[in-house]
Amino acid sequence: MDYQDMTIYWAYGDWEDVPAMGVSSKVYVDRQGTDETYSSLSIAQSDNGYVIEMEIYRLGYFRGTAVDENDMLVYTDDLVDMKGTIRYDSDHAVFEVTESSSGLAETGTTWRFPEVQGVR
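Computed from a predicted structure; not experimentally measured.

Asks: For this particular structure, what's the right way to read unusual backbone geometry?
Replies: Peptide bonds are, in most cases, trans, and in most cases residues other than glycine have a negative phi. With a phi angle near 50°, Gln32 is a residue other than glycine that sits in the positive phi range. Looking at where Gln32 falls in the secondary structure, it is placed in the loop between β3 (25-30) and β4 (39-46). Positive phi, normally seen in glycine, also occurs at Asp71, with a value near 65°. Considering the arrangement of structural elements, one finds Asp71 in the loop between β6 (60-69) and β7 (72-77). On the accessibility criterion, Asp71 (76% relative accessible area) is exposed.

Put into C-alpha cells, the structure is as follows:
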C-alpha cells in the first residue's frame, strides 16, 4: 500500500510479505477517476504459484494464493472464505468472486483494476 511517499507492506501471522523479500510483483489499481488509489491488486509470483493481495475500497483487505489455470489465476483467500478468478494483462486486471460464504462479497461480484501502477 502506498501512503505519502512511503510503501507499506503487510504481514499476517508467519507470512512475510513477498515484495519485501525482493520478489517483483505487478500492481493494478482503480483510482475511480481521481488522483487517489481506491482499490489495488498485487500479484507476486512465488515458488508454489502466486501471492495475491487486494485492498478493496470500503470493503477491506484480502490476501491469498493463486495458481495458474486455463490462462487465468484461480484464487483462494487466506483470511475469509472466498475464492475467485483473476484475469490480467499488461494494462488491467479483473477479479471475479466464484465462491463466498463470508458475507463480504457475493458470488459473481467483479472488481476491475483499469490501471497498472507498476512492477515492484
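Once you've had a look at it, read on.
Asks: Sorry if this is basic, but what is going on with the pattern of salt bridges here?
Replies: Between side chains of opposite charge, pairing is possible as soon as their charged atoms come close. A complete count under the given rule lists two salt bridges for this structure. For the salt bridge of Arg31 with Glu115, the shortest nitrogen-to-oxygen distance reads 3.1 Å. With Arg31 in the loop between β3 and β4 and Glu115 in strand β11 (residues 115-119), this pair connects stretches of sequence that are 84 residues apart. Residue classification places Glu115 among the partly exposed positions, given a relative accessible area of 31%. Close ionic contact of Glu53 with Arg63 constitutes a salt bridge, the shortest N to O distance being 3.2 Å. Of the two residues, Glu53 is situated in strand β5 (residues 49-56) and Arg63 in strand β6; the sequence distance between them amounts to ten residues.

Calculation rules
Residues numbered from 1 in each chain as written. Predicted model: local features only at pLDDT ≥ 70, side-chain atom pairs only at ≥ 80, totals over all residues. Heavy atoms only, no water. Helix = DSSP H or I, 4+ residues; strand = E, 2+ residues; numbered from the N terminus. Buried < 20%, exposed > 50% of the residue type's maximum accessible area, 1.4 Å probe, protein only. Salt bridge = Lys/Arg side-chain N within 4 Å of Asp/Glu carboxyl O.

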